[in-house]
Amino acid sequence: MKFVSTRDVTRKEYNPSEVIKAGIAPDGGLFFPTEIPKFNKYELIGMMPLSYADRAARVIGAYLTDLDRADIEKSCRAAYCDSSFPGGAAPVVSAGGKYFLELYHGPTCAFKDMALQLMPRLLALSVKRSGASGDAVILVATSGDTGKAALEGFADVEGTRIAVFFPAGGVSEIQKKQMCTQRGGNVAVFGVEGNFDDCQSAVKSVLCDAAMREYLRERGCFFSSANSINFGRLVPQVAYYVSASLDIGEECCVTVPTGNFGNILAAYMAKRSGAPIGKLICASNRNNVLTDFFNTGVYDRRRKFYLTSSPSMDILISSNLERLLWLVCGPEKTALYMRELKEEGAFSVDRSTLDILRRDFAAYYADEKQVSAAIAESWRKNAYLIDTHTAAGLHAAEEYKKETGDARPMLVVSTASPFKFAPAVCSALGIRSGDGFAAADALAEFTGKEIPAPISAIRGMPDRFTRTVSGADIASAVKSFI
Ligand SMILES: *Cc1c(COP(=O)(O)O)cnc(C)c1O
């Protein structure tokens, strides 16, 4: 298996382990395999009796061909073990005539655990394979969920160190507690003055700073990435779509609550590799730039940015769309579109490209009222409790069914525990509640469901990390950490 950059017209090829180690291509493009591996009917049937971890190893092994198969299998079994995923790694449950793929039973109660419990192990194997020595230094700017999932994944993983930066006033009480109480000898967490954009641009400038790179090199370290631009985060996600389609046993459509377009792209890859998947429904919240794109062919980020009750989908630049564009239009046009997006804030694809995209994708969005209504209706009609992100998905799934009459089974991807977003879920259900932990209590009492162990465990725990830095101080914070 070889990989190329989505912006490279010369199609220079890279090995899988190089791709995982580097994170992003030197030209600013994203790595993607030259061919999506295919599973025939017999290979799919052969995966049916396997555990989730072993199914995942089959799928991931087909992409990461220069890593040892036995190592991948061992890594998957360790990542998706019962103690990390007590409810099962990726169970499919049915409620109200739909299937839900519950991806939130991991250590941080959001779907990012599915990739980030495994990815640090894949990175360690890739570094070993490339013969490099020294520690991979991971810097993460987070608006909440990614930071904690990355910390949990990388904590005490040999050959890695991780520093997470979050906007000091911009994360929820539970998210902040989750990060600031993180265990592990190779981790650091900092609040950053300002909002998420300030935090992200300050971290990016450190990552690209030549003097900082030299500083790391002198100490035998190098930067890598834990964001979904790294293919190592994408490939573990392909596995749960293949696995879910085996569990359902007939062709189904899939609705994915979408932000950076990583999760739904993984669903598309699973479809292209032979899993029986029909239409892919891209669900957005009020930040509906992708809904407009799939309906008109125009991607225009020059619009108002809304803070919503589904913050992990509050995003106007969906990085992984670049990989889909590359698959459909090739590197020349992709590089052009990305340049237009950067310079003008918008691009538009031609009619034939849009037609190709719309064969596989449909797109809908839910405003805040519709998110609330979906939570309330799911609970009242089906006693099935969902979070705000999943609610945007459920609303989109229903709009799609209403509009098309598509009778195939529908799988809605459930991306977070409702307890992680308890204040908004309580308000949708008409429960009076306070913030954070108090809202989780109120939700547990009202529904009779238990607060997930990873959330109740950190309550009242003293913070290990209390430092807040300014954007300009991030470089020195990284130095002190190294
Ligand atoms: C990250 C996240 C999403 C968006 O996923 P993408 O891969 O960025 O599209 C949706 N829901 C939750 C809960 C998330 O944490």
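Predicted model only: the values in this text are computed from it and were never measured.

The rules behind each value
Residues numbered from 1 in each chain as written. Predicted model: local features only at pLDDT ≥ 70, side-chain atom pairs only at ≥ 80, totals over all residues. Heavy atoms only, no water. Patch = residues over 30% accessible without salt bridge, like charges linked within 9 Å, V, L, I, M, F, W, Y side chains within 5 Å. Areas by Shrake-Rupley, 256 points an atom, 1.4 Å probe, with all protein chains shown as cover. Salt bridge = Lys/Arg side-chain N within 4 Å of Asp/Glu carboxyl O. Helix = DSSP H or I, 4+ residues; strand = E, 2+ residues; numbered from the N terminus. Buried < 20%, exposed > 50% of the residue type's maximum accessible area, 1.4 Å probe, protein only. Pairing = 2+ DSSP bridges. Contact = heavy atoms within 4.5 Å. Axes fitted to C-alpha atoms, helices over the stretch in contact; angles between N-to-C directions. Core = buried A, V, L, I, M, F, W, Y, C linked by side-chain atoms within 4.5 Å. Near = heavy atom within 4 Å. Polar contact = N/O pair within 3.5 Å; in protein donor to acceptor, adjacent residues only side chain to side chain. Nonpolar A, V, L, I, M, F, W, Y, C, P; charged D, E, K, R; others polar.

**Q** Describe a nonpolar patch on the surface, naming the residues involved and giving the relevant values.
**A** On the surface, Tyr42, Ile45 and Met48 cluster together into a nonpolar patch covering about 350 Å² of accessible area. Considering the arrangement of structural elements, one finds tyrosine 42 in helix H2 (residues 41-47). Classification of tyrosine 42 as exposed rests on a relative accessible area of 64%.

**Q** Go over the sheet that holds strand E7 (residues 187-192) with me, naming the residues and quoting the values.
**A** If you walk across this open sheet you meet the 5 strands as E8-E5-E6-E7-E15, and the pairing is parallel. Each edge of the open sheet carries a strand with a single partner, namely strand E8 (221-224) and strand E15 (468-469). The pairing of strand E5 (residues 135-141) with E8 spans 4 bridges and is parallel. Of the residues in E8, the one forming a bridge with valine 137 is phenylalanine 223. Sheet strands in contact with helix H8 (residues 173-180) are strand E6 (160-167) and E7, and its direction is about 155 degrees off that of E6.

**Q** Could you give an account of helix H13 (residues 289-296), naming the residues involved and the relevant values?
**A** Buried within H13 we find Val289, Leu290, Thr291, Phe293 and Phe294. Summarising the contacts, the buried residues of H13 are in contact with strand E10 (277-284), strand E11 (298-300), helix H14 (321-344), strand E12 (346-348), helix H15 (351-360) and strand E13 (361-365).

**Q** Which residues make up the nonpolar core, and what values do they have?
**A** Counting residues in hydrophobic clusters, the biggest one holds 129 residues, and the most contacted among them are Tyr80, Phe165, Tyr241, Phe261, Phe294, Leu321 and Phe347. Here this core gets 11 residues from one element, more than from any other, and that element is helix H11 (residues 231-248). The residues contacting leucine 321, other than those within four sequence positions of it, are Phe261, Leu290, Phe293, Phe294, Tyr299 and Phe347. Listed in part, the 42 residues of the second largest apolar core include Cys109, Cys253, Val371 and Tyr384.

**Q** Residue-level account of the pattern of salt bridges, with values.
**A** Evaluated as defined, the whole model comprises 22 salt bridges. Residue arginine 183 pairs with glutamate 152 through a salt bridge whose shortest N-O separation is 3.1 Å. Placement of arginine 183 in the loop between H8 and E7 and of glutamate 152 in helix H7 (residues 145-154) is noted, with a sequence separation of 31 residues between them. In this structure arginine 183 comes out as partly exposed when scored by relative accessible area, which is 44%. Each member of the salt-bridge network shares a partner with another, and the members are Asp54, Glu73 and Arg77.

**Q** Talk me through H7; I want residue IDs and the actual numbers.
**A** Counting buried residues in H7 gives 10 out of 10 residues, a clear majority hidden from the surface. Of the residues making up H7, those classed as buried are Asp145, Thr146, Gly147, Lys148, Ala149, Ala150, Leu151, Glu152, Gly153 and Phe154.

**Q** Which residues make up the site of the ligand, and what values do they have?
**A** Around the ligand sit 15 residues in total, of which Lys112, Gly259, Asn260, Asn263 and Thr415 are the nearest. Backbone polar atom of phenylalanine 261 to an oxygen atom of the ligand: 3.1 Å apart, as the coordinates give it. At 2.9 Å from an oxygen atom of the ligand is found a main-chain nitrogen or oxygen belonging to asparagine 263. For the ligand, whose free accessible area comes to 380 Å², the fraction covered by protein is 96%. By residue class, the composition of the shell around the ligand is 5 nonpolar, 8 polar and 2 charged.

**Q** Requested: an account of the sheet that holds E10, with residues and values cited.
**A** Spatially, the 6 strands line up as an open sheet ordered E3-E4-E14-E9-E10-E13, and their pairing is mixed. The sheet is open, and its two edges are formed by strand E3 (92-95) and E13, each paired on a single side. Taking each pair of neighbouring strands and ignoring which way they run, the sheet shows an average axis angle of 30 degrees. Set on the sheet, H15 makes contact with E10 and E13; between it and E13 the angle comes to about 80 degrees.

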